[in-house]
Amino acid sequence: MTQTPSLNRRRVLQAGAAGLAGMSLGACGQAGSRPLLSSDTHPSDYPTVQAVRHMGEVLREQTDGRLDIRIYAGGQLGSERDTLEITSFGGLDMNRVNLAPLNSIEPMTVIPSLPFLFSSTEHMRQSLDGAPGDVILNSLVPHNLVGLCFYDSGERSFYNTRQAIRTPDDMRGMKIRVQNSDLYVAMIRALGADATPMPLGEVYQSLVQGVIDGAENNWPSYESGRHFEAAPYYSLTRHVMAPEILVMSLSRWRKLSEADQELVVNAAKSSVPFMRELWDARVAGARERLMEAGIQANEVDNLSDFQGLMEPVWENFIVTPEQEELVNQIQSIGSELGGA
Ligand code: GTR
């Protein structure tokens, strides 16, 4: 299933509004209540979608069906950037996105997206489960969003249609698709390649048509979008470990009683370990299936050239004292773990 990038905002809103109207007619069996509508760019079986579905089950059980979630998976409602905008003005209740499309909205979300920040999955998980994660979740309120929880997104690496990447020189001049984030654009440029921001749903076609030479993502997305068919060279740079985030529109949040807000947050938190289990299995499975399908994966022995080129990117994107403080906190968690 692909996103529908041609849907303009009006059509997206109409789609959302039609859904809202349909479901407000007592679909939950209670006057005036309706499921929380949630968007995801991934297909129905992807771990992020399954996690939000799990959260809905928990809520349904705890409230006898009074609180529930209806998920629009597969990018039905549009790109992450478009649906985020809709969520922030209340046209959608919830949205599961990567941190990248939030980078231009809230500077604190840039931090976990910084290249080579996390030294391990454990480092990333501990940081997001702890105080740094809370700071980021809370930073979204001025943007009319409530951050509910983070989900894993693994390590992002480069893949392309031409050749294995072992040094930044190997990707010089390549057109690399990135998410809609200035940080990602800067990162690709610093590596000597051309950055092409576009929604996920357009990547497969663009690879096939040669509009782009490559992209970067984790194993599950590389597999699920079938990008590997057109771009069989997967080079393990593991340059970004930015998480996914589940957000709720502030206006919907404010309509919930305090008790219901607590139920929603707890249900979201309870979906995190559930998701991590699914995620770890999905990464291993995707990797195995892709190797069997014949992709050319290579380790990158010397990452220091890549890391060195990221220094000015860090400097340009860490601009406030609050951001700097967050980087320090995350790095000291890494040091305690013995990694950073
Ligand atoms: C995936 C992520 C999506 C989206 C996608 C992309 O890893 O789960 O939310 O950000 O990458 O590259 O657009």
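Residues numbered from 1 in each chain as written. Predicted model: local features only at pLDDT ≥ 70, side-chain atom pairs only at ≥ 80, totals over all residues. Heavy atoms only, no water.

Caption draft 1: How the structure looks around the overall build of the protein. Along the backbone of the protein there are 14 helices and 11 strands. Across its three principal axes, the protein shows a C-alpha extent of roughly 60 × 45 × 35 Å. Counting every position in the protein, which comprises 340 residues, the buried fraction comes to 54%. Here the contacts in the protein between residues at least 6 apart in sequence split such that 75% fall between residues at least 24 apart. (Helix = DSSP H or I, 4+ residues; strand = E, 2+ residues; numbered from the N terminus. Buried < 20%, exposed > 50% of the residue type's maximum accessible area, 1.4 Å probe, protein only. Contact = heavy atoms within 4.5 Å.)

Caption draft 2: Up close: the side chain of Arg-156. Inspection of the secondary structure puts Arg-156 in strand β5 (residues 156-160). Residue Arg-156 is classed as buried on the basis of its relative accessible area of 3%. Polar side-chain contacts of Arg-156 include one of 3.0 Å to the side chain of Glu-216. Excluding residues that lie within four positions of it along the chain, Arg-156 makes contacts with Asn-98, Arg-177, Gln-179, Tyr-184, Glu-216, Asn-217, Asn-218, Thr-237, Arg-238, His-239 and Val-240. (Polar contact = N/O pair within 3.5 Å; in protein donor to acceptor, adjacent residues only side chain to side chain.)

Caption draft 3: Spotlight on the side chain of Arg-177. Inspection of the secondary structure assignment puts Arg-177 in strand β6 (residues 175-178). No salt bridge is formed by the buried Arg-177. Its closest oppositely charged neighbour is Glu-216, at 5.2 Å. Of note is the side chain of Arg-177, whose polar atom sits 2.9 Å from the backbone oxygen of Met-198. Once residues lying within four places of it in the same chain are set aside, the contact partners of Arg-177 are Arg-156, Thr-196, Met-198, Pro-199, Leu-200, Val-203, Ile-212, Gly-214, Ala-215, Glu-216 and Asn-217. (Lys, Arg positive; Asp, Glu negative; His and termini not counted. Salt bridge = Lys/Arg side-chain N within 4 Å of Asp/Glu carboxyl O.)

Caption draft 4: Region of the structure containing the pattern of salt bridges. All chains considered together, the criterion is met by 19 salt bridges. Salt-bridge contacts for Arg-60 lead to Asp-68; the nearest nitrogen and oxygen are separated by 2.9 Å. Relative accessible area serves as the criterion here: at 13%, Asp-68 is assigned to the buried category. Note that Arg-156 and Glu-216 form a salt bridge whose closest N and O atoms lie 3.0 Å from each other. Here Glu-216 lies in strand β8 (residues 214-217) and Arg-156 lies in strand β5, a separation of 60 residues in the sequence. Just as Arg-156 is buried, Glu-216 falls in that class too. A network of salt bridges, in which partner residues are shared, links Arg-125, Asp-129, Asp-152, Arg-276 and Asp-280.

Caption draft 5: A look at the packing of helix α2 (residues 47-63) against helix α11 (residues 258-292). Two numbers describe how α2 lies on α11: the axes approach to 8 Å, and their chain directions differ by 145 degrees. Regarding α2 and α11, the two cross each other, and that crossing is right-handed. Seen from α2, the contacting residues are Pro-47, Thr-48, Gln-50, Ala-51, His-54, Met-55, Val-58, Leu-59, Gln-62 and Thr-63; seen from α11, they are Leu-263, Val-264, Ala-267, Ala-268, Ser-270, Ser-271, Phe-274, Met-275, Leu-278, Trp-279 and Arg-282. Of the residues contributing to the contact of α2 with α11, the split by class is 13 nonpolar, 7 polar and 1 charged. (Axes fitted to C-alpha atoms, helices over the stretch in contact; angles between N-to-C directions. Left-handed = near helix turned anticlockwise from the far one by under 90°. Nonpolar A, V, L, I, M, F, W, Y, C, P; charged D, E, K, R; others polar.)

Caption draft 6: How the structure looks around helix α3 (residues 80-88). Residues of α3 that are buried: Glu-80, Thr-83, Leu-84, Ile-86 and Thr-87. In a view along the axis of α3, the buried residues occupy a sector of 160 degrees, so they form one face of it. (Arc of directions from axis to C-beta.)

Caption draft 7: Geometry of the packing of aromatic side chains. Scanning the model with the defined rule gives 6 aromatic pairs in all. An angle of 35 degrees between the planes, with centres 4.4 Å apart, marks the rings of Tyr-159 and Tyr-222 as tilted. Here Tyr-159 is found in strand β5, whereas its partner Tyr-222 is found in helix α8 (residues 219-224), with 63 residues between them in sequence. Since its relative accessible area comes to 1%, Tyr-159 is described here as buried. Taking 4.4 Å as the distance between ring centres and 45 degrees as the angle between the ring planes, the aromatic pair formed by Trp-219 and Tyr-234 counts as tilted. (Phe/Tyr/Trp six-rings, centres within 6.5 Å; stacked < 30°, edge-to-face > 60°.)

Caption draft 8: Examining the nonpolar core more closely. Judged by nonpolar contacts, the single largest core of 48 residues is most densely connected at Leu-102, Ile-111, Leu-114, Leu-117, Met-171 and Ile-245. Per-element tally for this core: the top contributor is helix α6 (residues 182-190), with 5 residues. Those residues in contact with Leu-102, other than ones at most four positions away along the chain, are Leu-84, Val-97, Thr-109, Leu-140, Leu-145 and Ile-245. In this structure, Leu-67, Ala-73, Met-248 and Ala-267 belong to the second largest nonpolar core, which totals 27 residues. (Core = buried A, V, L, I, M, F, W, Y, C linked by side-chain atoms within 4.5 Å.)

Caption draft 9: How the structure looks around the site of the ligand. In the vicinity of the ligand lie 14 residues, with His-42, Glu-80, Arg-177, Gln-179 and Glu-244 positioned nearest. Separating an oxygen atom of the ligand from a side-chain N or O atom of Arg-96 is a distance of 2.8 Å. Within the side chain of Asn-217, one N or O atom sits 2.7 Å away from an oxygen atom of the ligand. For the ligand, the accessible surface in isolation is 320 Å², of which the surrounding protein chains cover 98%. (Near = heavy atom within 4 Å. Areas by Shrake-Rupley, 256 points an atom, 1.4 Å probe, with all protein chains shown as cover.)

Caption draft 10: Representation of the environment of Gln-126 in the model. Within the element layout of this structure, Gln-126 appears in helix α4 (residues 121-129). Counting along the chain gives 120 residues from Gln-126 to Leu-246, while the straight-line C-alpha distance between them is 18 Å. The contact partners of Gln-126, leaving out residues within four places of it in the chain, are Ile-333 and Leu-337.

Caption draft 11: Fine view of the pairing of β5. Counting buried positions over the 5 residues of β5 gives 5, a clear majority of the element. Because side chains alternate across β5, one face comprises the buried residues Arg-156, Phe-158 and Asn-160, and the other comprises Ser-157 and Tyr-159, equally buried. In terms of strand pairing, β5 meets strand β9 (residues 233-240) through 4 bridges, oriented antiparallel. Within β9, the position partnered with Asn-160 by the bridge is Tyr-233. The sheet contact formed by β5 and β8 spans 4 bridges and is antiparallel. When the sheet's bridge partners are listed, Asn-160 is paired in β8 with Gly-214. (Pairing = 2+ DSSP bridges.)

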